[in-house]
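Given next are the chains, with one letter for each unit.
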Amino acid sequence: MSAIAWMIGAVLGVVLLVLAVRGHVQLLRLIRWAQAPLGEPVPEAGGLWGEAFLALHRRARAAAESRRQLQQELDRLEALTQALPEGVVILGAGQVIEWLNGQAARDLGLDAGRDIGAPIINLMREPEFIRHLETPQHGVPLLLRARRNPGRTLQIVSAPFGADRMLLLTRDITQLEKLETMRRDFVANVSHELKTPLTVVAGFIEMLKDGIGPAAGEAAIPAEDAAHYLALAFDQAGRMQRLIDDLLTLSALETGAPPPPQERVDMRALLAEVREEIAALSAGQHDIRLEEDGPAWLSGGGAELRSACGNLASNAVRYTPAGGSIVLAWRTLPGGDAEFAVTDSGLGIESQHILRLTERFYRVDRGRSRESGGTGLGLAIVKHVLERHQARLVIESQAGRGSTFRAVFPAARVAD
Ligand code: ADP
């Protein structure tokens, strides 16, 4: 072989070696890049390797962008489920908690950080809950008082999804349950309140019916007795009438009612009327005084204010034995608020009752309330009227010593 051919062969060999070494180096860079964490910039190079790296770089950028979008979607989904007012728990195989939102953690008394990965029945041992998971009746809610969240009632609905997954939805229905109990109690109370006078009225009617056309051998009812029975029946009818009037007033005032009209209420005229009304009720048995140096006008609903003040004042008469005294006071307080205060020297109220007096049908002494024509709704009406006027009711009382009921109106309600 000639020297030229040797030289060409040697040069070619060197070139191939250089290319092979460079190729190897670029390959090592590529492997190192592929092994690096995601996001590592693609190496740079010239020539074909450069183009290959550039193509990889574009793909890596596109992949990073779609990862970013996916993460954004996931974050949005996470924020949405965290914002749900209901609890959501995802259970995997073996009823292991895979995921839960904040509301579910609060409802079930679980810890979103610590309890993920644990079988839920290791944490919630209530037999009815375990039964519900083991023999799920999907869509049929379970009512649960969870030990980990005492005092609350939960509604839990389960739904299977995927191969062996289950979705639990939890809802705190404590408030709803309370409302339902209140509604039931209310209906029971109203029925009871109406039943007693109705029974009495029906009894008298029955008696009079038999007395007017007595069967052979039976005596007719003497006219005097008949008049007495009729008067008693009339009283009972009045009691039912008052109860229905109060119920209607209360329901008109309750939630959903439009705010009271903004009338300029003439407080002097209103107080004079209230005074006259309770003087008639007392029939001279009490010493009644009216002290007024409060503002002349109050802004609000005249009829409602009249009813609230009238209720407080007539209670004073009804719960003060004959010979007692009653003071109605209308005054401006130092900060500019105005106060209607009724002070009596009557029976007074033991402290444990005071907070409950404005509940519908709450009475300290049922017999005394009935005897004096009470419906048990007066202070509930007062409370609603005052709330609607941003006013508050303050009750101070001592058993055996008398009471003061104060309705305090904010300065903003004082009209010029
Ligand atoms: P009632 O129709 O029974 O009077 P209210 O709602 O007006 O209903 O009052 C609730 C209860 O508050 C009354 O039954 C009574 O026990 C008590 N009460 C109200 N006002 C007075 C008062 N001035 N003195 C003593 N007890 C009062």
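Thresholds, definitions, all that
Sequence order sets the numbering: in each chain, residues are counted from 1 along the sequence as written. In view of the model being predicted, local features appear only for residues whose pLDDT reaches at least 70, and side-chain atom pairs are presented and counted only at 80 or more, with totals across whole chains, interfaces and linings using the full set of residues. To obtain the side-chain values, all non-hydrogen atoms of the structure were used and water was disregarded. Two strands form a pair only when DSSP identifies at least two bridges running between them. Under the DSSP-based scheme used, a helix requires at least four consecutive residues in state H or I and a strand at least two consecutive residues in state E, with every element numbered from the N terminus. We call two residues in contact when some of their heavy atoms are within 4.5 Å. Helix axes are fitted to C-alpha atoms over the stretch in contact, other axes to C-alpha atoms as well, and angles between N-to-C directions run from 0 to 180 degrees. Each domain's limits were defined by an automated method or a database of domain assignments. Buried surface area refers to the total accessible area, computed with a probe of radius 1.4 Å, that the two partners give up upon joining, counted for both partners together. Here, a salt bridge means any side-chain nitrogen of Lys or Arg that lies within 4 Å of a carboxyl oxygen of Asp or Glu. Polar contacts here mean pairs of N or O atoms no more than 3.5 Å apart (in protein, one a potential hydrogen donor and the other a potential acceptor; neighbouring residues in sequence count only if both atoms are side-chain atoms). Each residue receives one of three labels: charged for Asp, Glu, Lys and Arg, nonpolar for Ala, Val, Leu, Ile, Met, Phe, Trp, Tyr, Cys and Pro, and polar for the others, Gly being one of them. One less than the number of residues in a helix, times 1.5 Å, gives the span that helix is expected to have. Exposed residues in this analysis have more than 50% of their type's maximum accessible area, buried residues have under 20%, and partly exposed residues fall in between, with area computed by a 1.4 Å probe over protein chains only. Working definition: residue near molecule or strand if any one of its non-hydrogen atoms lies within 4 Å of it. Detection works on a 1 Å grid of protein atoms alone, calling trapped sets that fit a 1.4 Å probe cavities and calling open sets with protein on both sides within 12 Å along at least five of seven lines pockets, with lining residues defined by an atom within 4 Å of a point. What decides whether a molecule sits in a cavity or pocket is whether more than half of its atoms lie within 2 Å of the grid points. Grid points are joined across faces, edges and corners, and a volume is the space filled by probe spheres set on the points. Centres within 6.5 Å make a pair out of two Phe, Tyr or Trp rings, where for Trp the six-membered ring is used; the pair is then stacked when the planes are under 30 degrees apart, edge-to-face when over 60, and tilted otherwise. Among the buried residues, those of types Ala, Val, Leu, Ile, Met, Phe, Trp, Tyr and Cys that are joined through side-chain atoms within 4.5 Å form a nonpolar core.

J.: Explain the sheet that holds strand E13 (residues 414-415) to me, using residue names and the numbers behind them.
T.: Read from one edge of the open sheet, three strands run E6-E8-E13, paired in antiparallel fashion. Edge positions in the open sheet fall to strand E6 (263-266) and E13, since each of these has one partner strand only. As defined by bridge partners, strand E8 (residues 297-300) adjoins E13 across two bridges and the pair is classed as antiparallel. Of the residues in E13, the one forming a bridge with Trp-297 is Ala-415. Docked against the sheet, helix H8 (residues 267-282) engages E6 and E8, running at close to 50° with respect to E6.

J.: Give a description of the domain arrangement of the chain that names residues and reports values.
T.: With domains assigned, the chain is organised as domain 1 (41-83), domain 2 (84-172), domain 3 (194-254) and domain 4 (263-415). Measuring from the centre of the C-alpha atoms in domain 3 to the corresponding centre in domain 4 gives 31 Å. Counting residues at the interface gives nine residues for domain 3, matched by twelve residues for domain 4. In total, domain 3 and domain 4 occlude about 1100 Å² of area from one another, counting both sides; carbon and sulfur atoms represent 66% of this. The salt bridge partner of Arg-360 is Glu-254, with a shortest N-O separation of 2.5 Å. The tally of links from domain 3 across to domain 4 stands at three residue pairs in polar contact (both at pLDDT 80 or more). Residue classes in the side of domain 3 that touches domain 4 are distributed as four nonpolar, one polar and four charged.

J.: Lay out helix H6 (residues 174-212) with the relevant residues and their values.
T.: Its 39 residues place the ends of H6 56 Å apart at the C-alpha level, agreeing with the 57 Å of an ideal helix rising 1.5 Å per residue. Regarding H6, the residues found buried are Thr-174, Val-190, Glu-193, Pro-197, Val-201, Phe-204, Leu-208 and Gly-211. Buried residues along H6 sit in contact with strand E5 (165-172), helix H7 (223-253) and helix H11 (366-371).

J.: Could you give me a rundown of the site of the ligand, with the residues and numbers involved?
T.: By nearness alone, 21 residues border the ligand, and Tyr-319, Ser-369, Thr-375, Gly-376 and Leu-379 come closest of all. One nitrogen or oxygen atom from the main chain of Thr-375 is found 2.8 Å from an oxygen atom belonging to the ligand. A distance of 2.7 Å separates an oxygen atom of the ligand from a polar backbone atom of Leu-379. In this structure, the ligand is accommodated by the largest pocket. With three residues, helix H9 (residues 302-318) is the largest single contributor of residues to the shell around the ligand. For the shell around the ligand, the class distribution of residues is nine nonpolar, eight polar and four charged.

J.: An account of empty space enclosed by the protein is needed here, citing residue identities and associated values.
T.: Within the structure shown, the criterion is met by one cavity of 30 Å³ or more. One number sums up the size of the largest cavity: a volume of about 40 Å³. Mapped onto the lining of the largest cavity, the elements with two or more residues apiece are H6 and H7. When the residues that make up the lining of the largest cavity are grouped by side-chain class, the tally is two nonpolar, two polar and two charged.

J.: Describe the pattern of salt bridges, and please don't skip the residues or the numbers.
T.: Enumeration over the complete set of coordinates arrives at 24 salt bridges. Between Glu-177 and Arg-145 there is a salt bridge; the shortest N-O distance is 3.5 Å. Here Glu-177 is found in helix H6, whereas its partner Arg-145 is found in the loop between strand E3 (142-144) and strand E4 (154-161), with 32 residues between them in sequence. Here Arg-145 falls in the exposed class, since its relative accessible area comes to 55%. Taking the shortest distance from any N to any O, the salt bridge between Glu-193 and Arg-370 comes out at 3.7 Å. Highlighted residues: Glu-193 in helix H6 and Arg-370 in helix H11, separated in sequence by 177 residues.

J.: Could you give me a rundown of the packing of aromatic side chains, with the residues and numbers involved?
T.: Following the criterion strictly, the structure yields four aromatic pairs and no others. With a centroid separation of 5.8 Å and an interplanar angle of 50°, the aromatic rings of Trp-49 and Phe-53 are classed as tilted. Linking Trp-49 with Phe-53, this pair stays in helix H2 (residues 47-83), spanning four residues, or about one helical turn. Classification of Trp-49 by relative accessible area gives partly exposed; the value is 27%. With a relative accessible area of 2%, Phe-53 lands in the buried category. Seen from their ring centres, Phe-186 and Phe-361 are 6.0 Å apart, and the 35° between their planes marks the pair as tilted.

J.: Outline the nonpolar core, supporting the account with residue identities and numerical values.
T.: Of all hydrophobic cores here, the largest spans 43 residues; its most connected members are Leu-270, Leu-312, Ile-326, Leu-328, Trp-330, Phe-340 and Phe-409. Listed by contribution, the elements that provide at least two residues to this core are H7, H8, H9, strand E9 (325-332), strand E10 (338-344), helix H12 (378-388) and strand E12 (402-409). Among the elements that make up this core, the one with the highest residue count is H9 (seven residues). When residues are assigned to domains, this core turns out to be shared by domain 3 (194-254) and domain 4 (263-415), each giving three or more.

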